[in-house]
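# Fold and geometry: a report
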Amino acid sequence: MSLIGNSSQADDLVQDCIERALRQSSQLRELPRIAGWLRRILYNLYIDDLRRNRAKGKEEDVDEFADHLELSVSAADRDVVRDLSKAMSQLSVEHREILLLVSVEELNYREIAEELGIPQGTVMSRLARARERLRSIMQGAGADAVALRPISKEIQ
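This write-up is about the structure you can find in this document. For clarity, every value in this text was computed on a predicted model and none was experimentally measured.

### Points about the packing of helix H5 (residues 109-116) against helix H6 (residues 120-138)
Close contact between H5 and H6 brings their axes to 8 Å; oriented N to C, the two are set at 105°. Taken as axis vectors, H5 and H6 run roughly perpendicular relative to one another. Within the contact between the two elements, H5 uses Tyr109, Arg110, Ile112 and Ala113 and H6 uses Gln120, Val123, Met124, Leu127 and Arg131. Within the contact of H5 with H6, the residues separate by chemical class into 6 nonpolar, 1 polar and 2 charged.

So, in structure tokens, the structure goes:
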């Protein structure tokens with residue numbers, strides 16, 4: 001849900017992930033690494049979907065507004081949740097992924113480095129940049145920088 005921002009699409013993505021994992025179960029070499037293996041499948045499916053949808057353009061379904069995170073919290077917290085959700089959607093895929101792995105999945109730097117196949121130093125610097133970018137957007141200073149942000153290599 002945090003990656004896509006829509007519970008219906010998130011359910012579809014998880015379903016696709018499970019189907020692919022079952023089809024490719026012979027590729028899982030170490031059972032203790034199943035969580036990372038599943039997250040990698042999920043992430044790759046997400047990127048594939050981004051590439052497919054990029055050519056189509058933005059499409060909005062009115063029913064999808066019922067699943068917005070900011071609509072499911074109390075009125076007092078609604079603005080904060082809406083702002084955070086909007087700010088997260090402005091981050092690059094790499095920054096969003098690293099923030100989710102640290103804060104939601106609660107993985108440490110070594111585990112993230114292994115899962116993403118990048119050096120631990122890259123994890124730390126990417127996380128620092130992601131936090132700074134999120135802070136900048138949340139403080140309202142990131143509006144101009146968003147337009148100048150380069151497109152992620154993975155979705156080009």
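### Things to note about the environment of arginine 33
Within the secondary structure, arginine 33 sits in the loop between helix H1 (7-23) and helix H2 (34-56). For arginine 33, a relative accessible area of 44% gives the class partly exposed.

### Some thoughts on the pattern of salt bridges
The tally for this structure, following the rule as stated, stands at 9 salt bridges. In this structure, arginine 33 engages glutamate 30 in a salt bridge whose closest nitrogen and oxygen atoms are separated by 3.2 Å. The salt bridge involving glutamate 132 is made with arginine 135; its shortest N-O contact spans 2.7 Å. A residue pair is termed a helical-turn pair when its members lie 3 or 4 positions apart in one helix, as glutamate 132 and arginine 135 do in helix H6 at 3 residues. Using a relative accessible area of 43% as the deciding quantity, one classes glutamate 132 as partly exposed. Judged by its relative accessible area of 41%, arginine 135 falls in the partly exposed class.

Definitions and cut-offs
- Residues numbered from 1 in each chain as written.
- Predicted model: local features only at pLDDT ≥ 70, side-chain atom pairs only at ≥ 80, totals over all residues.
- Heavy atoms only, no water.
- Axes fitted to C-alpha atoms, helices over the stretch in contact; angles between N-to-C directions.
- Helix = DSSP H or I, 4+ residues; strand = E, 2+ residues; numbered from the N terminus.
- Parallel < 35°, antiparallel > 145°, perpendicular 65-115°, else oblique.
- Contact = heavy atoms within 4.5 Å.
- Nonpolar A, V, L, I, M, F, W, Y, C, P; charged D, E, K, R; others polar.
- Buried < 20%, exposed > 50% of the residue type's maximum accessible area, 1.4 Å probe, protein only.
- Salt bridge = Lys/Arg side-chain N within 4 Å of Asp/Glu carboxyl O.

Read these as geometric descriptors, not functional statements.
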